[in-house]
Amino acid sequence: MQSLASSPSQTVVKGACPHDCPDTCALKVTVEDGRVIKIQGAADHPSTHGALCTKVSRYAERTYHAERLLTPLKRVSAKTEAPRFEPVSWAAALADIAARLQAIAARDPQAIQPYSYAGTMGQLQGESMAARFFNRLGAARLDRTICASAGGAALAATYGHKLGMHLPYFAESKLLIIWGSNSIASNLHFWTYANQAKRAGAKLICIDPRKTETADKCHQHIALMPGTDGALALGLMHELIAHDWLDHAYLQAHVDGWDALRAKALQWPPERTAEVCGITPEEVQSLARDYGTTQPAAIRLNYGMQRVHGGGNAVRLIALLPCLTGAWRHRAGGLLLSSSGWFAPYKNTAALEMPELLNGATPRMVNMSTIGDDLLREASAGFGPKIEALIVYNSNPVAVAPESAKVVKGFQRADLFTVVLEHFMTDTADLADYVLPATTQLEHLDVHTSYGHTDVLINEPAIAPLGEAKPNTQIFRELAAAMGFGEPCFSESDELLARQAFTAEIDFAALRAQGWQSLPVPEAPFAQGGFHTPNGRAQAGGADYVANYESRASNPVLAERYPLAMISPPARNFLNSSFVNVKSLRDIEGEPLVEVHADDAAARGLADGAMVRVFNDRGSYVCRARISKRARPGVVNGLGVWWRKLGVQGTNVNELTHQRLTDMGAAPSFYDCLVDLQTLPVDA
Ligand SMILES: Nc1nc2c(c(=O)[nH]1)N[C@H]1C(S)=C(S)[C@@H](COP(=O)(O)OP(=O)(O)OC[C@H]3O[C@@H](n4cnc5c(=O)[nH]c(N)nc54)[C@H](O)[C@@H]3O)O[C@H]1N2
Ligand SMILES: Nc1nc2c(c(=O)[nH]1)N[C@H]1C(S)=C(S)[C@@H](COP(=O)(O)OP(=O)(O)OC[C@H]3O[C@@H](n4cnc5c(=O)[nH]c(N)nc54)[C@H](O)[C@@H]3O)O[C@H]1N2
Ligand SMILES: [Mo]
């Protein structure tokens, strides 16, 4: 819905940020003569409060980028050669793609693999028409695990769903533990509330192996070793029990399995905890004292800490802490990892995706996090057919999936037919047979939920599609037609999809008028228990510390060869691999780099600013070394996720990561990774 702006030739359009970020901001998009001239945060949307991050305030630079894909492209070079493409018409591209897919489907549609994630988090441009298309086709399904499924499974096991505190009440907390989250970089609008709490006298503690820009702004920073959060949670429980900082009534009324957990926690005195976590016993004791004696106390957990072997168990243990102290009794107490479960009763996912088109079939499921291995697999009884075709949208797997060497090798298979829907020629598009130009958020309609707040948002198109770009929904509509799928559901418009996306409680006209609508959720959701588990009680049984796959304790032989743990958290000015090609943002990040502690640098004769090779048995990543207080001893930080082709020697940090999965949720363990590094010879 458009409204008049200050100048008569301008209109202001209500938008929503589509990116994979907890903030999901409401946008105010100013258009003049059919062109977007300004993007601002909506002032009336509470959590956006008129402010945007650096990246999205430059979203127009991304949309109008000189390298935007504006026509369909067909590959004319071999997959192992430098990529060369020729423009083709939509009609020719769709006819050829349909013919190729039909030939494969005639043998086994499960050999066709969709691959998508959260390039846009929109309910429409995500899995609506796309899901209908793949359901009707009977294609393989995709287990979308690459980000959050360990933590998601852990919350589900503990509390029944991805539920937590409400964002605004963090401002009233007296103690704020920011755990595995670089909020200032990756959850900026949370930081506004944290700052209010800080100004009101709250203590802020950051738990993160890296001394992030968020750690800089907290009163205390606890730099534990990656993947040891579960041990720290048990160590805290030990102290809460030892000092009787427990809310016995809350535990008794609302928690199952406390006795077993209590017995486990008693095995984690401060000395043992400190030893495992690589911190001091005093740090464990003082954190426990703060947490046990301050109310209301809030924990902002983020997904960074669950990208390790024991990520699921660690989330379970941390999530239980507010039950021990009764922090849930207060609206400003408890924990937030994800708020996405609050939307579940209001979402009409089945209407958008139409699982009935599967006709009762349950095609095989491939885990997106092991795409490297799976593209290289032959047909087998357990796996099913060899993957013969890949259709990629809203994701850049060649850059973001673990163990790049295998991912690249898989995408280079001469017998693999790959179609990529994209805005840009990414590392993945470079390995496609067809690249189809997709619209950006300024050019299409969508509706959004969030995983950091509890508001539904609408995104109205601000401008016409650029060039020949089409919304994902439209591309799948036209692909369905080319395949001869005649069901009426393939001609439903985006507006019709948007109107079906939510239950009647979300009034579409009101959503359009305001741009967003808050869900009616309880203020202090678990003050009287009432978790979303079958019996309403939190489930503590079975949670335990699980060590990393790759660590000195679990694999001393490997640690002898590769003594440094590497984490690869997000860079502030990129969004996963999105925006790496936006020059003004790339200029701020500078170049691919690894942060190294001075002791680890000295041990290797490494100079600040040297080009280094970071390596392990899986591969090498070439980048600049920065000797930095942001790195703790024994841990290097390889900030992600650069496009390989914009990195040094065509590499990025995922050359080093592996495809082993987490303890729960079958997620990747990106931050569970041992490496070493050496200075590169000057002419290398
Ligand atoms: N600017 C920007 N914002 C983003 C993203 C981005 O790439 N750039 N990514 C978005 C995405 S996809 C997501 S999923 C969300 C959340 O994305 P997250 O990956 O949760 O991002 P961060 O909040 O930066 O949290 C990662 C933090 O966890 C720390 N960490 C790493 N290993 C461990 C560990 O073992 N224990 C502990 N305690 N900490 C650890 C890292 O050093 C880092 O500071 O953010 C989103 N927001
Ligand atoms: N080493 C390491 N690897 C990581 C991580 C890490 O911390 N370290 N983080 C992991 C995490 S948390 C995540 S969530 C994944 C993210 O991985 P992805 O979900 O693949 O995210 P992006 O790299 O941002 O790629 C999204 C792509 O979608 C495209 N896109 C955006 N909107 C649209 C649209 O409307 N239509 C179409 N067709 N395309 C669109 C963008 O141009 C972009 O190229 O990466 C993971 N990889
Ligand atoms: Mo993510």
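Predicted, not measured: the structure shown is a model, and the values here were computed from it.

Visitor: I'd like to hear about the nonpolar core, residue by residue, with values.
Guide: Of all hydrophobic cores here, the largest spans 173 residues; its most connected members are F133, W179, L232 and F476. Ranked by residues supplied to this core, first place goes to helix 14 (residues 311-325) with nine residues. If near-sequence neighbours (up to four positions away) are discounted, F133 is found in contact with L101, F476, L479, A480, M483, F485 and F490. Grouped together as the second largest cluster of nonpolar side chains are 24 residues, F424, A571, V636 and L639 included.

Visitor: So what's going on with the site of ligand 1? Residues and values would help.
Guide: Taken together, 35 residues are adjacent to ligand 1, and S186, D208, D229, R307 and F574 come closest. Starting from 890 Å² of accessible surface for ligand 1 in isolation, the protein chains cover 98%. Residue composition of the shell around ligand 1, grouped by class: 19 nonpolar, nine polar and seven charged. Residue assignment places the shell around ligand 1 across two domains, with domain 2 (154-337) and domain 3 (556-679) each supplying three or more.

Visitor: Pulling in residues and values, what's your account of helix 4 (residues 129-137)?
Guide: The element helix 4 is largely enclosed, with a buried count of eight among its nine residues. Turning to helix 4, its buried residues number three or more, namely M129, A130, A131, R132, F133, F134, N135 and L137. Where helix 4 is buried, its residues meet helix 3 (90-107), strand 7 (112-116), helix 15 (349-353), strand 16 (389-393), helix 19 (472-482) and helix 20 (494-500). Of the residues flanking the end of helix 4, it is G138, one or two places downstream, whose phi is positive at about 75°.

Visitor: Please give an account of the sheet that holds strand 5 (residues 73-75) that cites residues and values.
Guide: Read across the open sheet, the six strands follow the order 6-5-18-17-16-7; overall the sheet is mixed. At either margin of the open sheet sits one strand with a lone partner, and together these are strand 6 (85-87) and strand 7. Going across the sheet, the axis of each strand differs from the next one's by a mean of 20°, ignoring polarity. The pairing of strand 17 (residues 417-422) with strand 18 (residues 434-437) spans four bridges and is parallel. Bridging from a neighbouring strand, E422 pairs with P437 of strand 18.

Visitor: Can you lay out the domain arrangement of the protein chain for me, pointing to particular residues and giving the numbers?
Guide: If you check the domain split of the protein chain, you get domain 1 (73-147 + 344-518), domain 2 (154-337) and domain 3 (556-679). In this assembly, 26 residues from domain 2 lie in contact with 22 residues from domain 3. For the pair domain 2 and domain 3, the summed buried area comes to about 1900 Å², and 55% of that belongs to carbon and sulfur atoms. When residues of domain 2 are sorted by the area they lose upon contact with domain 3, R210, R307 and H309 head the list and together hold 34% of the total. For the pair domain 2 and domain 3, the number of links is two salt bridges. For R210, the salt bridge identified is with E595, shortest N-O distance 2.7 Å. Scanning the region where domain 2 abuts domain 3 turns up 12 residue pairs in polar contact (both at pLDDT 80 or more). Elements supplying a minimum of two residues to the side of domain 2 that touches domain 3: helix 5 (149-159), helix 6 (183-186), helix 8 (213-217) and helix 14.

Visitor: Account for the packing of helix 9 (residues 229-242) against helix 13 (residues 281-293), with residues named and values stated.
Guide: One can describe the packing of helix 9 onto helix 13 by two numbers: an axis separation of 9 Å at closest approach and a directional angle of 65°. Note on packing geometry: the crossing formed by helix 9 with helix 13 is right-handed. In contact with L232, G235, L236, E239 and L240 of helix 9, helix 13 contributes V284, Q285, L287, A288, Y291 and G292. A class-by-class count of the residues in the contact of helix 9 with helix 13 yields seven nonpolar, three polar and one charged.

Visitor: Any chance you could break down the pairing of strand 23 (residues 564-567) for me, citing the residues and the numbers?
Guide: Judged by which residues are buried, strand 23 turns out to be covered on both faces: L564 and M566 on one side and A565 and I567 on the other are all buried. In this sheet, strand 28 (residues 674-679) lies alongside strand 23 in antiparallel orientation, the contact comprising two bridges. Following the sheet pairing, A565 is matched in strand 28 by L674. Sheet topology note: the strand 23/strand 27 (residues 635-638) ladder contains three bridges and is parallel. If you follow M566 over to strand 27, its bridge partner there is V636.

Visitor: So what about the sheet that holds strand 21 (residues 516-518)? Which residues, and what values?
Guide: One open sheet accounts for three strands, arranged 19-20-21; its pairing is antiparallel. If you trace the sheet from one side to the other, it starts and ends with strand 19 (446-448) and strand 21, each paired once. Strand-to-strand twist of the sheet, defined as the mean angle between neighbouring strand axes without regard to direction, takes the value 15°.

Visitor: Describe in detail the packing of aromatic side chains, supporting the description with residues and values.
Guide: The full count for this structure, using the stated rule, is 20 aromatic pairs. With centroids separated by 4.5 Å and ring planes inclined at 35°, the aromatic side chains of F526 and F531 adopt a geometry described as tilted. Each member of the pair, F526 together with F531, is buried. In this arrangement the basic side chain of K470 is found over the ring face of W90, its NZ or CZ atom lying 5.0 Å from the centre.

Visitor: Before we move on, could you go through the site of ligand 2 and cite the residues and values that matter?
Guide: The local shell around ligand 2 holds 31 residues, among which R62, E422, S577, S578 and Y671 are the closest. Here N394 contributes a side-chain N or O atom positioned 3.1 Å from a nitrogen atom of ligand 2. A distance of 2.8 Å separates an oxygen atom of ligand 2 from a polar atom in the side chain of S395. Coverage of ligand 2 by the protein amounts to 97% of the 920 Å² it exposes when considered alone. Each of domain 1 (73-147 + 344-518) and domain 3 (556-679) accounts for three or more of the residues forming the shell around ligand 2.

Rules behind the numbers
Residues numbered from 1 in each chain as written. Chains lettered and ligands numbered in written order. Predicted model: local features only at pLDDT ≥ 70, side-chain atom pairs only at ≥ 80, totals over all residues. Heavy atoms only, no water. Core = buried A, V, L, I, M, F, W, Y, C linked by side-chain atoms within 4.5 Å. Buried < 20%, exposed > 50% of the residue type's maximum accessible area, 1.4 Å probe, protein only. Helix = DSSP H or I, 4+ residues; strand = E, 2+ residues; numbered from the N terminus. Contact = heavy atoms within 4.5 Å. Near = heavy atom within 4 Å. Areas by Shrake-Rupley, 256 points an atom, 1.4 Å probe, with all protein chains shown as cover. Nonpolar A, V, L, I, M, F, W, Y, C, P; charged D, E, K, R; others polar. Domains from an automatic or database assignment. Pairing = 2+ DSSP bridges. Axes fitted to C-alpha atoms, helices over the stretch in contact; angles between N-to-C directions. Buried area = accessible area lost by both parts, 1.4 Å probe. Salt bridge = Lys/Arg side-chain N within 4 Å of Asp/Glu carboxyl O. Polar contact = N/O pair within 3.5 Å; in protein donor to acceptor, adjacent residues only side chain to side chain. Left-handed = near helix turned anticlockwise from the far one by under 90°. Phe/Tyr/Trp six-rings, centres within 6.5 Å; stacked < 30°, edge-to-face > 60°. Lys NZ or Arg CZ within 6 Å of the ring centre and 35° of its normal.

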